[in-house]
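Coordinates in review
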Amino acid sequence: MDLFRRIFYPIEALVYFVLMVLAGTTICGATHYWDITQAQTITIATASGIVGIFAPVLVEKLFKIKFSHLIDILIAVDLFAAIILGEALTFYYYFPGMDKIFHFCATAELALGGYVLAKYFLGKTNKGKHHVLFALIFAFFFAIAFQAFWELYEFTFNQIAGTNMQKYIPSEFYDRIDADGVLQLSQEEIAAFFSQFGGYHFALEDTMYDIVADCLGALTGCVGCAVLFHFYPHLQDHIIYRPETEAVLEEGEENTLNHKRQN
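Scoring rules and cut-offs
Residues numbered from 1 in each chain as written. Predicted model: local features only at pLDDT ≥ 70, side-chain atom pairs only at ≥ 80, totals over all residues. Heavy atoms only, no water. Helix = DSSP H or I, 4+ residues; strand = E, 2+ residues; numbered from the N terminus. Buried < 20%, exposed > 50% of the residue type's maximum accessible area, 1.4 Å probe, protein only. Contact = heavy atoms within 4.5 Å. Areas by Shrake-Rupley, 256 points an atom, 1.4 Å probe, with all protein chains shown as cover. Salt bridge = Lys/Arg side-chain N within 4 Å of Asp/Glu carboxyl O. Expected span 1.5 Å × (residues − 1). Core = buried A, V, L, I, M, F, W, Y, C linked by side-chain atoms within 4.5 Å. pLDDT = per-residue confidence, 0-100. Axes fitted to C-alpha atoms, helices over the stretch in contact; angles between N-to-C directions. Parallel < 35°, antiparallel > 145°, perpendicular 65-115°, else oblique. Nonpolar A, V, L, I, M, F, W, Y, C, P; charged D, E, K, R; others polar. Patch = residues over 30% accessible without salt bridge, like charges linked within 9 Å, V, L, I, M, F, W, Y side chains within 5 Å. 1 Å grid on protein atoms, 1.4 Å probe; cavity = no way out; pocket = protein on both sides within 12 Å on 5 of 7 lines; lining within 4 Å. Points joined across faces, edges and corners; volume = space filled by probe spheres on them. Phe/Tyr/Trp six-rings, centres within 6.5 Å; stacked < 30°, edge-to-face > 60°. Left-handed = near helix turned anticlockwise from the far one by under 90°.

Quick look at the overall build of the protein
When its secondary structure is counted, the protein shows ten helices and two strands. Its helices and strands taken in sequence order, the protein reads α-α-β-α-α-α-α-α-α-α-β-α from the N to the C terminus. For the protein, the residues scored as buried account for 38% of the 263 residues in total. Across the protein, every contact between residues at least 6 apart in sequence was considered, and the portion connecting residues at least 24 apart equals 68%. Element-wise, carbon and sulfur atoms account for 71% of the exposed surface of the protein, whose accessible area totals about 14900 Å².

Have a look at this one:
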């Protein structure tokens, strides 16, 4: 593990560990930073986030490859947006559209990752339009599949731990949840909401709009890859490469820089 990761990873992990502890104190009743349901969601999200931080290292060891620091930074941004902003600061409830924006951006990034992976295992070559086409198709479905597993992850913990990861509790009801996670609504208010079309379709529509955002994000990511790597194909080798080629890439960058200085 290089110096960047030795500093960056522990800082990230510490932030989410502290947040996990704070959520745990809420669950135990010592503090009241969030309601019980939200604290449970944050606890699971932070634990998953810590695993996500170190996921690139595991993938690298399995496939004998090396990710650039760009991948670490993108993962850090996604985790910060989803866990810190979305769950801890409850932006998901106060800005309902933010969840869809996060889905769109994350899936576009996954498409980028899927594309460079496909190109890498195809020999890291831009020769042949079929290689590019296959990489784009793989990138699209790789991103969609990953987000499908994400929905299963959220659904699983909703069922097991009673969390609200899929946001089946409407944002307008969030302020009516007490410290114990109980929804303080009368039967009449609940019936009035869920008897409307928007009410009894609420949970389904939320998940379906997530999928729509995922598809748009994957498509945007694929188009972006096709355009970006068409004009700058060498960038692919700076996102994912074999560890033994790292020195070669760095030497090439240095030679290019020296050449520009001489000119």
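What to know about the pattern of salt bridges
Inspection of every chain in the model, using the stated rule, returns six salt bridges. Here the salt bridges do not stand alone but share partners, grouping D99, K100, D206 and D210 into one network.

Things to note about helix 1 (residues 3-28)
A rise of 1.5 Å per residue sets the reference length of helix 1, with its 26 residues, at 38 Å; its end C-alpha atoms lie 38 Å apart and thus fit the reference within 8%. Among the residues making up helix 1, those that are buried are R5, Y9, E12, A13, Y16, L19, A23 and T26. Residues of helix 1 that are buried in the fold lie against helix 2 (36-63), strand 1 (66-67) and helix 3 (69-88). Just downstream of helix 1 lies G29, where phi reads positive at about 90 degrees.

Remarks on the nonpolar core
Of all hydrophobic cores here, the largest spans 21 residues; its most connected members are Y115, V116, F229 and I240. Of all the elements in the fold, those that place two or more residues in this core are helix 5 (98-121), helix 6 (129-161) and helix 9 (202-231). Looking at which element gives the most residues to this core, the answer is helix 5, with eight residues. Core analysis: the next-biggest nonpolar cluster, separate from the first, contains 15 residues, Y16, A23, I42 and I53 among them.

Structural notes on the confidence of the model for the protein
Counting all residues, the mean pLDDT for the protein is 84, and 82% of those residues have values of 70 or more. Across the protein, the element-wise mean pLDDT spans from 52 in helix 10 (residues 246-262) up to 96 in helix 1.

Points about the packing of helix 1 against helix 3
At a closest axis distance of 12 Å, the pairing of helix 1 and helix 3 adopts a crossing angle of 10 degrees. Relative to helix 3, the element helix 1 is oriented roughly parallel. Packed against helix 1, whose contacting residues are F4, R5, F8, Y9, E12, V15, Y16 and L19, the element helix 3 presents H69, D72, I73, A76, L79, F80, I83, I84 and A88 at the interface. Of the residues contributing to the contact of helix 1 with helix 3, the split by class is 13 nonpolar, one polar and three charged.

Focus: a nonpolar patch on the surface
Judged by side-chain polarity, L219, V223, V227, L228, F231, Y232 and L235 come together as a nonpolar surface patch covering roughly 640 Å² of accessible area. The topology assignment puts V223 in helix 9.

Describing the side chain of E60
With respect to the helices and strands, the residue E60 is situated in helix 2. Filtering out sequence-adjacent residues up to four positions away, E60 remains in contact with R5, I65, K66 and F67.

A word on the layout of surface pockets
Reported here for the largest pocket is a volume of approximately 1600 Å³. Lining the largest pocket are 49 residues, with I75, D78, L110, F146 and W150 positioned closest to its centre. Top contributing element to the lining of the largest pocket by residue count: helix 5, with 13 residues. Of the residues that constitute the lining of the largest pocket, the class distribution is 34 nonpolar, seven polar and eight charged.

Remarks on the packing of aromatic side chains
This model, assessed by the stated rule, comprises 13 aromatic pairs. For the pair Y92 and F102, a centre-to-centre distance of 5.9 Å together with 70 degrees between the ring planes defines the contact as edge-to-face. With Y92 in helix 4 (residues 91-94) and F102 in helix 5, this residue pair connects regions lying ten residues apart in the sequence. For Y92, a relative accessible area of 11% gives the class buried.

So, the packing of helix 3 against helix 5
It is at 11 Å that the axes of helix 3 and helix 5 come closest, and there the two elements cross at 165 degrees. When the axes of helix 3 and helix 5 are compared, the pair comes out roughly antiparallel. When you trace helix 3 past helix 5, the crossing you get is left-handed. Together, L74, D78, A81 and A82 of helix 3 and F102, A106 and E109 of helix 5 make up the contact between the two elements. Here the residues of the contact of helix 3 with helix 5 sort into five nonpolar, no polar and two charged.

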